[in-house]
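Here is what each chain is made of, one letter per residue.
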Amino acid sequence: IENKIQNEIDNNHFFLEYQPLIDAKSGKILGAEVLSRLNSPSEGLLTPKSFLSAVNNVGLNQKFDYYIFEKNCKWISNDVNRMNYVYTINFSRYTLSAPDFADKIIHIMDVYGIHYPCIAIEILEDKSLNADEKATMVKNLSLLKRKGVLILLDDFGKGYTAFGDLTEFDISIVKVDKSITQNAVEPMGFVVLKNIIRTAKDLGMKTLCEGVETEEHRRAVIAAGCDMIQGYYYYRPMPVVKLEGLLESQKNEA
């Protein structure tokens, strides 16, 4: 895969799927997470678990991140109604700490006429940063936040993502890791989740609980005060055409 990943990008062999985000109170679709897939002529259909390490190992993080971001912006631009929703999209901390990151994101959005508030930049927990990298990342995220772009802290409670990130970065949404979400069906786990949500709210941030797969999970995160929900209980990742149908149906019901 490592030997071929550059060609896979250059030949546009990647495509997007989406997993809807649900309003915890109304049950309506608020938007979706953007997910990349690779349809490789030689390797077949691959998910990020199979190719992201190759992207990292050959140093193509930035090229890949901007490529996927632009594909998503192009899709949104094809229908003005799509800008009524929020699309969360993953970025490596390698990319987020590049000096020109914010400028490139703003340029791509402007080229496609994308409204800033319909994009949420997801901070992956894929790398620890040195002081200079962190300072650059903070500057980039603050500039985007001032423009109206949402900043989402991914996998909170796992790996590099910790409470320090809530104060260091200008966060809009805290995405709670599925391990914490699913443990919330137990008394101790529920207390942990409830306190994470309370802390986020005290800091003026929204919360998104991922990994909701059962009715028990759903009841627990709603009782804990979560704002948004994502998981197989509602929807699995889906092709673009299926998401388009769901958004059209919801618009017609309004």
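Everything in this summary refers to the structure shown in the same document.

1. Thoughts on the pattern of salt bridges
- Tallied over the full model, the rule gives 15 salt bridges.
- R93 is the salt-bridge partner of D165, the closest N and O atoms lying 3.4 Å from each other. Here D165 is found in helix 7 (residues 163-168), whereas its partner R93 is found in helix 4 (residues 93-96), with 72 residues between them in sequence. The same class applies to D165 and to R93, which are both buried.
- When the shortest N-O distance is used, the salt bridge between K104 and D100 registers 3.6 Å.
- With a relative accessible area of 32%, D100 lands in the partly exposed category.
- One network of salt bridges, in which partners are shared, links E33, E122, D154, K175 and E210.

2. Some details on the pairing of strand 7 (residues 173-176)
- What you see with strand 7 is no split at all: I173 and K175 on one side and V174 and V176 on the other are buried throughout.
- Both strand 6 (residues 150-156) and strand 7 contribute to a ladder of three bridges, which runs parallel. Each bridged residue has a counterpart across the sheet, and for F156 the counterpart in strand 7 is V176.
- By the bridge criterion, four bridges tie strand 7 to strand 8 (residues 206-209) in an arrangement that is parallel. Directly across from V174, in strand 8, lies its bridge partner T207.

3. Some details on helix 3 (residues 61-77)
- Between the first and last C-alpha of helix 3 there are 24 Å, a value that for 17 residues agrees with the 24 Å anticipated at 1.5 Å per step.
- For helix 3, the full list of buried residues reads N61, F64, D65, Y66, Y67, I68, F69, N72, C73, W75 and I76.

4. Focus on the packing of aromatic side chains
- One pass over the full model with this rule turns up eleven aromatic pairs.
- Consider the rings of Y18 and W75, whose centres lie 4.8 Å apart with planes at 35°: the pair is tilted. Of the two residues, Y18 sits in strand 1 (residues 14-23) while W75 sits in helix 3, which places them 57 residues apart along the sequence. Each member of the pair, Y18 as well as W75, is classed as buried.
- Taken together, the aromatic side chains of F14, F51, F64 and Y67 make up a single cluster linked through ring pairs.
- Its guanidinium or amino end placed over the ring of Y232, R236 lies 4.0 Å from that ring's centre, counting from NZ or CZ.

5. A few points about helix 2 (residues 48-57)
- Buried within helix 2 we find F51, A54 and V55. Viewed along the axis of helix 2, the buried residues span an arc of 105°, placing them on a single side of the element. Every exposed residue of helix 2 that faces more than 90 degrees away from the buried side is listed here: K49 and N57.
- Looking at the buried positions of helix 2, the neighbouring elements they touch are helix 1 (5-10), strand 1, strand 2 (29-40), strand 3 (44-46) and helix 3.
- Once helix 2 ends, the next one or two residues include G59, with phi positive near 70°.

6. Focus on the packing of helix 9 (residues 187-202) against helix 10 (residues 215-224)
- Where helix 9 contacts helix 10, the axes come no closer than 9 Å and their chain directions differ by 45°. By the angle between their axes, helix 9 is oblique relative to helix 10. Regarding helix 9 and helix 10, the two cross each other, and that crossing is right-handed. Taking contact as the criterion, the partners of F190, L193, K194 and I197 in helix 9 are, on helix 10, A220, V221, A223 and A224.
- When the residues that make up the contact of helix 9 with helix 10 are grouped by side-chain class, the tally is seven nonpolar, no polar and one charged.

About the criteria used
- Residues numbered from 1 in each chain as written.
- Predicted model: local features only at pLDDT ≥ 70, side-chain atom pairs only at ≥ 80, totals over all residues.
- Heavy atoms only, no water.
- Salt bridge = Lys/Arg side-chain N within 4 Å of Asp/Glu carboxyl O.
- Helix = DSSP H or I, 4+ residues; strand = E, 2+ residues; numbered from the N terminus.
- Buried < 20%, exposed > 50% of the residue type's maximum accessible area, 1.4 Å probe, protein only.
- Pairing = 2+ DSSP bridges.
- Expected span 1.5 Å × (residues − 1).
- Phe/Tyr/Trp six-rings, centres within 6.5 Å; stacked < 30°, edge-to-face > 60°.
- Lys NZ or Arg CZ within 6 Å of the ring centre and 35° of its normal.
- Arc of directions from axis to C-beta.
- Contact = heavy atoms within 4.5 Å.
- Axes fitted to C-alpha atoms, helices over the stretch in contact; angles between N-to-C directions.
- Parallel < 35°, antiparallel > 145°, perpendicular 65-115°, else oblique.
- Left-handed = near helix turned anticlockwise from the far one by under 90°.
- Nonpolar A, V, L, I, M, F, W, Y, C, P; charged D, E, K, R; others polar.

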